[in-house]
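Take a look at the letters that make up each chain.
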Amino acid sequence: MRLRTALYSTASALSALALLSACSSSGTSSASSGAPLVGVDYPRSDTDFWNSYIKDTPNYAGQLGLSLKTTNSQNDVAKLTANAQTFISQGVKSIAMAPQDTAAIAPTLAQLEAKKIPVVTVDTRPDSGKVFMVVRADNRAYGEKACQFLGAKLNGGGKVVMLEGGLDSINGRDRTEAFNDCMKKNYPGITVLGEATNWDGAVAAQKLQTDLIANPDVKGIYMESSFALSGTLQVLKQKGLLVAPADPKHVFIVSNDGIPEELKNIAAGNIDATVSQPADLYAKYALSYVKAAIDGKTFQPGKTDHDSTIIQVRPGLLEDQLSAPLVTADGGAYGGVPSVKSDDTSLWGNNLG
């Protein structure tokens, strides 16, 4: 995720303040002074998803015997470039980052490659350039799972609004293209109203409101991440559409992230599904590959020992695609896609406190 949003939950805002100290460039782990020094740039600290990642990163660094320096690029590729220079000056042996602009990061990756500092990217894949490993879930599968859920719920007909992420991000492009492709192939009777939002919650809420005025028969919404959750619920409530799933006026909603607020709203019947991105596993395996790069290990495409698959995206670029399950209230299968129940204890969103 990637995202600019103006509508955060109060809990997220408070969490962000609590975690600011963890995002400074002077932060270190409790690893011994003889441990390899590595850098981790956090892309943002204003969402539950990334706050969970920030919380878990020092823990896994300690477990792996790594000494940690951290920065926060705040969704700004210029800051990420500057933070990379800081890491270079500090003598880090490897870097993990989550570039939100996956095209503009290429010059920084080239510089790090020239200095023989291996990079692991988390959640996003650079459009060009070399990295040691990409740690990411299959984002096309996010769009496909959302499509199959809504297609099944709408019985193959009607209108849905897709609140797209930023198309400057591989995540936004993958989710958008996969959702559209799946709908055209499997549910041609469903009309998709695609709305570009650049991961901005305020923009998403305004466009959704406009769509509902012009199309009062909309019966489904696909939010490409939880950035749109608060605004979407507010708009539906204002229009008298925030009703139980059994009510004929109910609008079926699928999100992507798996944050606690999504899981609570699924259980309450306000939204219907999400795809849980593994924030905890992003932290664990990003640092695992950082250490592997320092140790000189290499990897090949194929199944891993942690329920994922490494694919070759292009020559010289590997991506470890971690599992990201569809989450629903009943744990049923929709359009042939299995799901887990929203109260399942294996979900990171149910294990934050």
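As the structure is a prediction and not an experimental result, all values here were calculated from the model.

Asker: Go over the pairing of strand β13 (residues 317–322), please, and point to the residues and values.
Answerer: Side-chain positions along a regular strand alternate between the two faces of the sheet. β13 sits mainly inside the fold: six of its six residues count as buried. Because side chains alternate across β13, one face comprises the buried residues L317, E319 and Q321, and the other comprises L318, D320 and L322, equally buried. The pairing of strand β5 (residues 133–137) with β13 spans four bridges and is parallel. If you follow V135 over to β13, its bridge partner there is D320. Here strand β12 (residues 309–314) runs beside β13; their pairing, made up of five bridges, is antiparallel. For R314, the partnering residue across the bridge sits in β13 and is L317.

Asker: Tell me what's going on with the sheet that holds strand β7 (residues 190–196), and back it up with residues and numbers.
Answerer: Across the sheet, which stays open at both edges, the seven strands sit in the order β7-β6-β8-β9-β10-β14-β15 with mixed pairing between neighbours. Strands at the two margins of the open sheet, each flanked by one partner only, are β7 and β15 (339–341). Strand-to-strand twist across the sheet, computed as the mean angle between neighbouring axes with direction ignored, equals 25°. For strand β6 (residues 158–164) and strand β8 (residues 218–223), the ladder comprises five bridges, and the chain directions are parallel. Its bridge partner lying in β8, M162 is registered against Y222. Helix α7 (residues 201–214) rests against β6, β7 and β8 of the sheet, and its axis sits at about 145° to β7.

Asker: Account for the sheet that holds strand β11 (residues 302–303), naming residues and giving values.
Answerer: Sheet architecture is open: eight strands sit in the order β2-β1-β3-β4-β5-β13-β12-β11, paired in mixed fashion. Edge positions in the sheet fall to β2 (67–72) and β11, since each has one partner strand and no second. As paired strands, strand β1 (residues 37–42) and strand β3 (residues 94–97) are joined by three bridges and run parallel to one another. Each residue of the ladder has a partner; that of V38, found in β3, is S94.

Asker: So what's going on with the packing of aromatic side chains? Residues and values would help.
Answerer: Applying the stated criterion across every chain yields a total of ten aromatic pairs. Arranged with centres 6.0 Å apart and planes meeting at 90°, the rings of Y42 and Y53 form a pair that is edge-to-face. With Y42 in strand β1 and Y53 in helix α2 (residues 48–63), the pair connects residues that are eleven residues apart, well separated along the chain. The burial state of Y42 is the same as that of Y53; both residues are buried. Aromatic side chains F49 and W50 sit 5.1 Å apart centroid to centroid with 90° between the ring planes, which places their arrangement in the edge-to-face category. With relative accessibility at 1%, the residue F49 sits in the buried group. Taken together, the ring pairs in this structure connect Y42, F49, W50, Y53, Y282 and W348 into an aromatic cluster.

Asker: Can you explain the nonpolar core? Please cite residues and give values.
Answerer: For soluble globular proteins, nonpolar side chains are generally found buried alongside one another. In this structure, Y53, L150, F179 and Y282 are the most contacted members of the largest nonpolar core, which totals 78 residues. The dominant element in this core, judged by the number of residues it contributes, is helix α10 (residues 279–294), at eight residues. Excluding residues that lie within four positions of it along the chain, F179 makes contacts with G143, A146, C147, L150, V160, M162, V192 and Y222. Core analysis: the second largest hydrophobic core is formed by 14 residues, F87, V92, I117 and V119 among them.

What counts, and where the lines are drawn
Residues numbered from 1 in each chain as written. Predicted model: local features only at pLDDT ≥ 70, side-chain atom pairs only at ≥ 80, totals over all residues. Heavy atoms only, no water. Buried < 20%, exposed > 50% of the residue type's maximum accessible area, 1.4 Å probe, protein only. Helix = DSSP H or I, 4+ residues; strand = E, 2+ residues; numbered from the N terminus. Pairing = 2+ DSSP bridges. Axes fitted to C-alpha atoms, helices over the stretch in contact; angles between N-to-C directions. Contact = heavy atoms within 4.5 Å. Phe/Tyr/Trp six-rings, centres within 6.5 Å; stacked < 30°, edge-to-face > 60°. Core = buried A, V, L, I, M, F, W, Y, C linked by side-chain atoms within 4.5 Å.

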